[in-house]
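What follows is the residue order along each chain.
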Amino acid sequence: MSITSPAGFRASGVAAGLKASGGPDVALVVNDGPLHVGAAVFTTNRVVGAPVVWSRQVVTDGVVHAVVLNSGGANVCTGPEGFTDVHRTAELVGELLEVSAGDVVVCSTGLIGERLPTEKLLAGVSEAAGALSPDGGDDASRAIMTTDSVPKTVHVARGAHGAPGWSVGGMAKGAGMLAPGMATMLSVLTTDAVTDAATADAALRAATGVTFDRVDSDGCMSTSDTVTLLVSGASGVEVGLAELTEALTEACAVLARGLVADAEGATHDIAVTVVRAETTSAAVAVARAVTRSNLFKAAMYGNDPNWGRVLAQVGTVPVEVAAYDPDLLDVTINGVQVCRAGGLGEPRELLDLAASREIHVEVDLHAGQSTATVWTNDLTHDYVHENSAYST
């Protein structure tokens, strides 16, 4: 299951020498059509890499022929030279594929503040173009990994009982610096459905809004976050907004959960669900306040169901963002209501968090009918070690 599972796509992943490890570090994904529809969402960080600046312009006309990605360097804060490197990369892809450079999305991930070794990158792009294959999706997914321990891929099929079939494929990378706001996370999605650029854009934004935007590993937003959707139309099956949104959301949810599960050093995947909020935005704000608490995340690492850490974070959300009565708050962890009406609930001894990889925290605001879930992970010694030695 990969980005080449839908019809009309080829991909590759090669080692160009950008990574000190010598592992694969350049990926290429090509849409062979007949449609060449594209859409993308990007980080909302104000400090962005040259690839994001370039790619924002590429998708404005809704046409994308290819996505080229590299790990081993983010090409962020590299000045005019960094943008020139992006331009040269896109031009080479365009030349090799006989398409316009302006229809090539470029993505980079890795260390900020250092220029890429351009000649190695361009040589890798040429090699990747020569290695393109309908079976190359897995190679591409490995080439975009940085601190990831495993590749993240997905395939969602639609059509059954004799109905014409179509599908969505995808890959993503990311393990730390994960607090997408767009929508160090890159993702490419593909579909062989028939749809137009406006529908693709709307469906992608709706899908990322409730998946990638609802994972928050460490509260740190990357400068390079990019999710690109390529539409080939090769299935011949015309798909509307609702159908496409549903399939994309399913695919993005799998990839987003994969990012959290692979978070650097994590031992628990944690879902914080806020129920009975006045609005969805209020529920998200409260859930995110909890998931961004280092005290809460450290408690989860220690298998300590310290619900006081949860209430303390709920209390940081301004009343104009989320209204509730503190004396009505309930907290349930893995099915045990440890806090009832703002006070002590069931004994925490009923919980054995060490026995489960997943921890589900529910916060009941008793203020409305809206619900939202944000996924995060615990804060471990390994996370601190990984990020204290990242550039050295």
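Heads up: the structure comes first, above all this text.
The rules behind these values
Residues numbered from 1 in each chain as written. Predicted model: local features only at pLDDT ≥ 70, side-chain atom pairs only at ≥ 80, totals over all residues. Heavy atoms only, no water. Salt bridge = Lys/Arg side-chain N within 4 Å of Asp/Glu carboxyl O. Helix = DSSP H or I, 4+ residues; strand = E, 2+ residues; numbered from the N terminus. Buried < 20%, exposed > 50% of the residue type's maximum accessible area, 1.4 Å probe, protein only. Expected span 1.5 Å × (residues − 1). Pairing = 2+ DSSP bridges. Axes fitted to C-alpha atoms, helices over the stretch in contact; angles between N-to-C directions. Contact = heavy atoms within 4.5 Å. Parallel < 35°, antiparallel > 145°, perpendicular 65-115°, else oblique. Left-handed = near helix turned anticlockwise from the far one by under 90°. Nonpolar A, V, L, I, M, F, W, Y, C, P; charged D, E, K, R; others polar.

**With respect to the pattern of salt bridges**
Enumeration according to the criterion identifies 14 salt bridges in this entry. Arg10 is paired through a salt bridge with Asp32; the nearest N and O atoms lie 2.8 Å apart. Highlighted residues: Arg10 in strand E1 (residues 9–14) and Asp32 in the loop between strand E2 (26–31) and strand E3 (37–42), separated in sequence by 22 residues. Overall, the relative accessible area of 27% leaves Arg10 in the partly exposed class. Residue Asp32 is classed as partly exposed on the basis of its relative accessible area, which comes to 38%.

**Digging into helix H6 (residues 241–261)**
Every α-helix carries 3.6 residues per turn, so stepping three or four residues along brings you back to the same face. Taking 1.5 Å of rise per residue, 21 residues should cover 30 Å, and H6 covers 30 Å from first to last C-alpha, within 8% of that figure. Those residues of H6 that sit buried are Leu244, Thr245, Ala247, Leu248, Ala251, Cys252, Leu255, Ala256, Gly258, Leu259 and Val260.

**A look at the sheet that holds E2**
The sheet built from four strands is open, its strands ordered E1-E2-E4-E5 with mixed pairing. In the strand order of this sheet, the two ends are held by E1 and strand E5 (104–108), each with one partner. For this sheet the average axis-to-axis angle between neighbouring strands, irrespective of direction, equals 10°. Sheet topology note: the E2/strand E4 (residues 66–70) ladder contains five bridges and is antiparallel. Following the sheet pairing, Val26 is matched in E4 by Asn70. Packing of helix H2 (residues 79–97) onto the sheet brings it into contact with E2, E4 and E5, and relative to E5 it is tilted by some 135°.

**A few points about the pairing of E1**
Within E1, five of the six residues are buried, leaving the element largely enclosed by the surrounding structure. Strand direction decides the pairing type here: E1 and E2, joined by six bridges, are antiparallel. Bridged to Gly13 within E2 is Ala27.

**Comments concerning the packing of helix H5 (residues 197–209) against H6**
Following both chains from N to C, one finds H5 and H6 inclined at 40°, their axes separated by 8 Å at the closest point. The orientation of H5 with respect to H6, classified from their angle, is oblique. Of the two possible hands of crossing, H5 and H6 adopt the one that is right-handed. Between H5, through Thr199, Ala200, Ala202, Ala203, Leu204, Ala206 and Ala207, and H6, the contact on the second element is made entirely by Leu241, Leu244, Thr245, Leu248, Thr249 and Cys252. For the contact of H5 with H6, the class distribution of residues is 10 nonpolar, three polar and no charged.

**Section: the sheet that holds E3**
Strand order in this open sheet of five strands is E3-E9-E8-E7-E6, and the pairing throughout is mixed. Because the sheet does not close on itself, it has two edges, and the strands there are E3 and strand E6 (152–158). Each strand of the sheet is rotated relative to its neighbour by a mean of 10°, with strand direction disregarded. Taken together, the six bridges between E3 and strand E9 (residues 226–231) define a ladder with antiparallel strand orientation. Bridging from a neighbouring strand, Val37 pairs with Val231 of E9. Sitting on the sheet, H6 touches E6, strand E7 (166–173), strand E8 (186–191) and E9, and the angle it makes with E6 is about 155°.

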